[in-house]
Amino acid sequence: MKNMIRDIVIVQHPVSVYVPRSYKVTLSVRAEGTGILNYQWFKSSKEEVFGGTRADLIVTAQRSQLYICRVNDQFCNCVFSKWVTVKVLDIAKPGLPVAWRGEPHIAVHPAPQTVRQGERLTLSCIAFGIPTPHYQWYRNGHPLLGKTTDTLQIENAESDHRGTYLCYVSNVQEERWTEAADVEIVPTNQLTATDKVALLIGNLNYSHHPDLMAPTMDVHELANLLQQLGFRVVSLLDLTREEMLAAIDKFLLLLDRGVYALFYYAGHGYERLGRNYLVAIDAPRSYRSENCVCVQRIMRKMQERRTALNVVLLDTCRTWYNLDCIASEIRPLVPMGNTVYGYATCENAEAYEVQDGGKSTGIFTKYLNKYILQPEKVTHILELVSENLGRDPFVTGKQAVEIRHTIKEPRSLTDPIRTTGHTGELHLRDACWRQANELPHQKLLIFTCGVEVEVSFSALFSNVMVAFGRVKTTGPRAQDCTITLRSTPAMEDIFSSPGRSSEMDSLLLNNLVAENPDCSLRLCGLQKLQGSLVIKVDLHYTHMDRKLWLQESKQLDIGKPLVASCDLHRGQQAMVAQRRDGAPAQSMGHSRISHSKQRPRQTLGQPGRPFTKSAECAAKVPTARSNEPGENDETEPQDFTH
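Rules and cut-offs
Residues numbered from 1 in each chain as written. Predicted model: local features only at pLDDT ≥ 70, side-chain atom pairs only at ≥ 80, totals over all residues. Heavy atoms only, no water. Helix = DSSP H or I, 4+ residues; strand = E, 2+ residues; numbered from the N terminus. Buried < 20%, exposed > 50% of the residue type's maximum accessible area, 1.4 Å probe, protein only. Contact = heavy atoms within 4.5 Å. Areas by Shrake-Rupley, 256 points an atom, 1.4 Å probe, with all protein chains shown as cover. Pairing = 2+ DSSP bridges. Axes fitted to C-alpha atoms, helices over the stretch in contact; angles between N-to-C directions. pLDDT = per-residue confidence, 0-100. Core = buried A, V, L, I, M, F, W, Y, C linked by side-chain atoms within 4.5 Å. Lys, Arg positive; Asp, Glu negative; His and termini not counted. Salt bridge = Lys/Arg side-chain N within 4 Å of Asp/Glu carboxyl O. Polar contact = N/O pair within 3.5 Å; in protein donor to acceptor, adjacent residues only side chain to side chain. Right-handed = clockwise from strand over helix to strand, strands pointing away.

Assigned secondary structure in the protein consists of eight helices and 37 strands. For the protein, the residues scored as buried account for 53% of the 642 residues in total. In the protein, once contacts between residues fewer than 6 apart in sequence are set aside, the share between residues at least 24 apart is 74%. Surface accessibility of the protein: about 28,800 Å² in total, with carbon and sulfur atoms responsible for 50%.

See the structure below:
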């Protein structure tokens, strides 16, 4: 009898897997032996898995864990399988196909990097797979010996390490290639940024002041150019003061050592006692500093973040608060050597809009956009802007650029980004900025009559989105189909006036994501959204059999798109509550910047003519030189020296 007892042999061991959190995975072992075989699964702590007494163990992956299975027979013989790892990645959007069967799915591709010579180069690739995928790294098409893990590390990177990197990912089911990642190795004296962040604000539709035309195109074009330079850009139109402060606070949270930060503002503005104020769209007729945003306060907060470069660009008027104003006294900033301040015009002067090729543009921004991509020191770029603007016949004697800076190093907006990786805390703070540019996914709606309507989205600004509707399939019994789009809540269209509508139409043509859309819906002021945005699609059609004109409707909940996800209104509510309780309401640590300007309109071929300013002084301005702070200044602001 004893000779008939066979040893237990495991013919199929379980395999290690790499899956997203909460994914259900089955670990399997197959064994052969005499009689009935019993199974018991164990975790890495050698703790028995409750209920794990079958050959197949179903695990809902919550965290990375080791597993092993013991197989025994009735004759007290036992063997153990190999240890396997259920590796888990907690990622918000794993992107697994619906019918995923375990083939390699690349969740994180290696990212392009710029690394200083002598520093460590690290590239990562994360791929889900059942079994766990194998990796092989390549540079410039050649395999790298021994580089067969999900992370490629090269100590003391040299110029020979620059090139294009790929990772080949495979398991028994399939093989995949990652996206290419270009790696640049720069000399140790090459100036770099750890990140580039830009905040652009244009105010144009004012409740109590003349409307402007140029900020729409100026902000849009500058945002596109900055993105080409590697900046992560958030662009906003038409903000109230509370929205401006909330946005600025969000923005400041992203600033840290090594970051290049750029603020741009186009809109109404003024100067008082050496301080520049940005006029929000809800500012009352008479300028009061408590209804505006102080630029010097923003600059001081930026400097406190110890960034590598701060650039503040104001395409706004600097006319004095009233005729009794005296020239500003220049007080120095903290000498950190990292700030450039470009004014579109000099003290007590106005900034002009022009019609250029059928579009409205601020003349300062016109030349700024012309030169901003050049690999020159940022102060030199502004000097080029100044020289060209000074030769423009339409503003000769009316507008002159003023540049102030404390730069000690030849930093340029084209400097490469040196990837160092975010800390967990910074990554959480960064989420708002990333989500401010995330669009809803394209959706296909199928109506009862069989008509299929495709709804897609495009972002013109971070708080302006366009929804497109297109009839994709008419169905067997529907004809003469037309569709309309509505939203709940209804969002204001700030471009509905004839002059603005034509400029927006030109932007839409360049940003179409749908082929020949049947209708579109502009959704503006997304920063005001406090709940989900619902798109309602109304379909009108003729029923071919019944000869009736019918209507069907479907709703699409797209959540909080773009900047709505940042919940700027929460910052507004907090500031309103502070004012109600008598506490100061000037917050500055959390969002987007806006600079305002009282700027005259001008048409090409015709001299610019300033708007009539009817703002009255809210307080008597001293006739002698004074250092007293403005009404909404909590501490003494500082200004630049040349």
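Turning our attention to the sheet that holds strand S20 (residues 195–202). Read from one edge of the open sheet, six strands run S21-S20-S22-S26-S27-S30, paired in mixed fashion. Sheet topology places strand S21 (232–237) and strand S30 (402–405) at the edges, where each strand pairs with a single neighbour. Adjacent strand axes in the sheet meet at a mean angle of 10° when their direction is disregarded. Running at roughly 165° to strand S22 (residues 259–266), helix H2 (residues 241–252) makes contact with S20, S21 and S22 of the sheet. Contacts from helix H3 (residues 295–304) reach S22, strand S26 (309–315) and strand S27 (339–343), with the element oriented near 165° to S26.

Looking at the protein, the pLDDT average stands at 83 and 81% of residues meet or exceed 70. For the protein, the element scoring lowest by mean pLDDT is helix H8 (residues 568–580), at 58; strand S14 (residues 134–139) scores highest, at 97. Counted against residues more than four places away or in other chains, residues 325–332, with its pLDDT under 50, gives 32 contacts. This model gives residues 582–642 a pLDDT under 50, and the stretch forms 275 contacts once residues within four places in sequence are excluded.

Of the consecutive residues Ile-130 and Pro-131, the connecting peptide bond is found in the cis state with omega at 0°. Position of Pro-131 relative to the elements: it lies in the loop between strand S13 (126–128) and S14. The residue after Thr-488, namely Pro-489, is reached through a cis peptide bond having omega 0°. One non-glycine residue, Asp-238, adopts positive backbone phi at about 55°. Within the element layout of this structure, Asp-238 appears in the loop between S21 and H2. Here Asp-567, not a glycine, exhibits a phi torsion of approximately 50°, which is positive.

Time to look at the nonpolar core. Across soluble globular proteins, you tend to see nonpolar side chains buried next to one another. Ranked by internal contacts, the top residues of the largest apolar core, which has 127 residues, are Leu-226 and Leu-262. Each residue touching Leu-262, except ones within four places of it in the same chain, is listed here: Val-197, Ala-198, Leu-199, Leu-200, Leu-226, Phe-231, Phe-251, Val-311, Leu-313 and Leu-413. Residues Val-29, Cys-69, Leu-123 and Ile-130 belong to the second largest nonpolar core, which totals 45 residues.

It is worth spelling out the pairing of S26 at this point. Of all seven residues in S26, seven are buried, a share of seventy percent or more. Residues of S26 alternate between two faces, with Leu-309, Val-311, Leu-313 and Asp-315 on one and Asn-310, Val-312 and Leu-314 on the opposite face, all of them buried. The sheet contact formed by S22 and S26 spans seven bridges and is parallel. Looking at the pairing, Tyr-260 lines up with Leu-309 of S26.

What follows concerns H3. The buried fraction of H3 is high, at eight of ten residues. When H3 is considered as a whole, its buried residues turn out to be Val-295, Gln-296, Arg-297, Ile-298, Met-299, Arg-300, Met-302 and Gln-303. In the core, the buried residues of H3 are packed alongside H2, S22, strand S24 (275–279), strand S25 (292–294), S26 and S27. Positive backbone phi, approximately 60°, marks Arg-306, located one or two places after H3.

Relative to the assigned elements, Asp-73 resides in the loop between strand S7 (65–72) and strand S8 (78–80). With no salt bridge to any partner, buried Asp-73 finds its closest opposite charge in Arg-6, at an N-O distance of 9.0 Å. Within the local environment of Asp-73, its side chain forms a polar contact with the backbone nitrogen of Phe-75, the two atoms lying 2.9 Å apart. A polar atom in the side chain of Asp-73 sits 3.0 Å from the backbone nitrogen of Asn-77. Apart from residues lying up to four places away in sequence, Asp-73 is in contact with Arg-6, Ile-8, Thr-34, Ile-36 and Leu-37.

What follows deals with the pairing of S20. Along any regular strand the residues' side chains alternate between the sheet's two faces. With respect to burial, S20 is a largely interior element, eight of its eight residues being buried. Of the strand pairs in this sheet, S20 and S22 are connected by eight bridges, and their pairing is parallel. By the bridge assignment, Leu-199 is partnered in S22 with Phe-263. Across six bridges, S20 lies against S21 in parallel orientation. Bridge pairing in S21 links Ile-201 to Leu-236. The handedness of the S20 to S21 crossover, carried by helix H1 (residues 215–228), is right-handed.

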